[in-house]
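# Architecture at a glance
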Amino acid sequence: MEVRFLWFLLFVESMAQEDMEGKVFIFPRQSTSDYVVLNPRLTEPLDKLTTCLRSYTDLRKNHALISVDFPGSQDRHMFDIFQGPMDYTKPTPFHLFYIYINNSLASSMEQTDILQWKHSCVTWDSNTGVLQLWVNGKVYPRRVLQKGFSIDLQDGISLGQMQRNYGTGWDPEISFQGEISDVHMWNEVLPPETIWQVLLNNRYISGNVISWRSLNYTINGDVTVQPKLQCKYYSAQSYSYC
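Described in the following lines is the structure provided in the data block. Along each chain, numbering runs from 1 in the same order as the chain's sequence is written. Whole-chain, interface and lining totals are the exception, using all residues; otherwise, since this is a predicted model, local features are given only for residues with pLDDT of at least 70 and side-chain atom pairs are given and counted only at 80 or more. Each side-chain value is derived from all of the structure's non-hydrogen atoms; neither hydrogens nor water enter the calculation.

Scanning the protein chain for helices and strands turns up two helices and 18 strands. Exposure is judged per residue with a 1.4 Å probe applied to protein chains only, and the accessible area is read against the type maximum: over 50% gives exposed, under 20% gives buried, and values in between give partly exposed. A buried classification covers 50% of the 242 residues belonging to the protein chain. Contacts were defined at the residue level, with two residues in contact if any of their heavy atoms lie within 4.5 Å. Long-range contacts, defined as pairs at least 24 residues apart, comprise 69% of the intrachain contacts of the protein chain with a sequence gap of at least 6. Shrake-Rupley sampling with a 1.4 Å probe provides the accessible areas, and residues are treated as covered by the protein chains on show and by no other component. Accessible surface, the protein chain as shown: approximately 11,400 Å² in total, 52% of it carbon and sulfur. Strands are runs of DSSP state E lasting at least 2 residues, helices are runs of H or I lasting at least 4, and numbering of each runs from the N terminus.

Laid out in structure tokens, this is it:
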């Protein structure tokens, strides 16, 4: 009985729902044991979506940000966002943003400052297949992926990890190290003016599938919740961007 009670306490401590405004998840190292599972408010398949998050890392290798996936899942690359460097020896370094939907890949090249928060938003509409990437308010050329497909959330939404092959579990070579914050997901394609407000951290705009301001999550491994430190403020706005 005592063992069961202790297990229950550990489970409750590892799972929480809270307003995460002004906080970050810190991923201490590249490891398959460190990740966060987000529990969506809505679980029906998505034929439209907008996903936004902020990330901060000094990794110079491929790293996963968010994945609709779970270790051992047989569905490969249902929906993934990850980044990879190009050539840091050049005067102007670039990152590649990779987006998977149902094992189909789109990528965009982005000029980068390594020690800079990145606010990334991806929109996708199954009716047209049109996929759109925004990074720090900059819009990239549209792609078309998986017209008519729907994204199943039953396997969960994970931060900091991604499977590379069917049913093989997390890949340590692309696990995340750094900070992730302000994760939101909607079951609709947000218009550009709303995405700009999300970038500016408008407190009155929150995801209806995943909301950072009412987040139901489970921490695995040594991920910790800490205050956010780096911020930029717009004097003409009442919003912060960090």
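There's more to say after this.
So, on to the state of the cysteines. Our working definition of a disulfide is a cysteine sulfur pair at a distance within 2.5 Å. Counted by the stated rule, this structure contains one disulfide. In this model, cysteine 52 is linked to cysteine 121 through a disulfide, with the two sulfur atoms separated by 2.0 Å. Here the S-S torsion is close to 115 degrees, and the disulfide linking cysteine 52 with cysteine 121 is therefore right-handed. Taken together, the positions of cysteine 52 in strand 4 (residues 48-56) and cysteine 121 in strand 9 (residues 118-125) put the pair 69 residues apart, joining distant regions of the chain. Like cysteine 52, the residue cysteine 121 is buried in the burial classification.

With that settled, consider empty space enclosed by the protein. Here the idea is plain: a probe the size of a water molecule rolls over the atoms and shows the empty space left. Only protein atoms enter the 1 Å grid used here, on which a cavity is any set of points holding a 1.4 Å probe that cannot leave and a pocket is any open set flanked by protein within 12 Å on both sides along at least five of seven lines; residues with an atom within 4 Å of a point are listed as lining. Grid points are joined across faces, edges and corners, and a volume is the space filled by probe spheres set on the points. The final tally for this structure, using the stated rule, is three cavities of 30 Å³ or more. For the largest cavity, the full set of lining residues is Arg54, His119, Asp182, His184, Gln197, Val198, Asn201, Asn202, Ile205 and Arg213. The set of elements that each furnish at least two residues to the lining of the largest cavity consists of strand 14 (178-186) and helix 2 (192-199). The class makeup of the residues in the lining of the largest cavity is two nonpolar, five polar and three charged. Residue classes follow a fixed rule: Ala, Val, Leu, Ile, Met, Phe, Trp, Tyr, Cys and Pro count as nonpolar, while Asp, Glu, Lys and Arg count as charged, and any other residue, Gly among them, counts as polar.

Counting residues in hydrophobic clusters, the biggest one holds 41 residues, and the most contacted among them are Phe25, Val36, Leu38, Phe79, Ile151, Leu159 and Val183. With sequence-adjacent residues up to four places away left out, leucine 159 is seen in contact with Phe25, Phe27, Tyr35, Val36, Leu38, Leu65, Ile66, Ile180 and Val183. Residues Cys121, Trp186, Ile195 and Val198 belong to the second largest nonpolar core, which totals eight residues. Throughout, nonpolar core names a set of buried Ala, Val, Leu, Ile, Met, Phe, Trp, Tyr and Cys residues whose side chains join them through atoms within 4.5 Å.

Relative to the assigned elements, histidine 77 resides in the loop between strand 5 (63-68) and strand 6 (79-85). Judged by relative accessible area, which is 2%, histidine 77 ranks as buried. Any pair of N or O atoms that falls within 3.5 Å is considered a polar contact. Within protein, one atom must be able to donate a hydrogen and the other to accept it, and sequence-neighbouring residues count only if both atoms are side-chain atoms. Polar contacts involving the side chain of histidine 77 include one to the side chain of aspartate 80, which spans 2.6 Å. Contacts of histidine 77, omitting those with residues within four sequence positions, involve Tyr100, Ile101, Asn102, Asn103, Met162, Gln163 and Arg164.

Attention now moves to the environment of proline 191. By secondary structure assignment, the location of proline 191 is in the loop between strand 14 and helix 2. The partly exposed category is assigned to proline 191, whose relative accessible area is 32%. Between the alpha carbons of proline 191 and threonine 50 there is a distance of 9.7 Å; along the sequence they are 141 residues apart.

Looking now at the side chain of aspartate 171. In this fold, aspartate 171 is placed in the loop between strand 13 (157-159) and strand 14. Since its relative accessible area comes to 14%, aspartate 171 is described here as buried. For aspartate 171, the residues in contact, after removing those within four places along its chain, are Thr32, Gln161, Met162 and Arg164.

What follows concerns helix 2. Side chains that are three or four residues apart share a direction in an α-helix, a result of its 3.6 residues per turn. All of the buried residues in helix 2 are Thr194, Ile195, Val198 and Leu199. Angular distribution of buried residues about the axis of helix 2 spans 150 degrees; they occupy a single face of the element. Positive phi appears at asparagine 201, one or two residues downstream of helix 2, with a value of about 65 degrees. Throughout, the arc means that of the directions going from the helix axis to the C-beta atoms.

This part takes up the environment of leucine 42. Among the secondary structure elements, leucine 42 is positioned in the loop between strand 3 (35-38) and strand 4. Residue classification places leucine 42 among the partly exposed positions, given a relative accessible area of 26%. Here the alpha-carbon distance between leucine 42 and leucine 153, two residues 111 residues apart in the chain, equals 8.5 Å. Those residues in contact with leucine 42, other than ones at most four positions away along the chain, are Leu153, Asn187, Asn208 and Val209.

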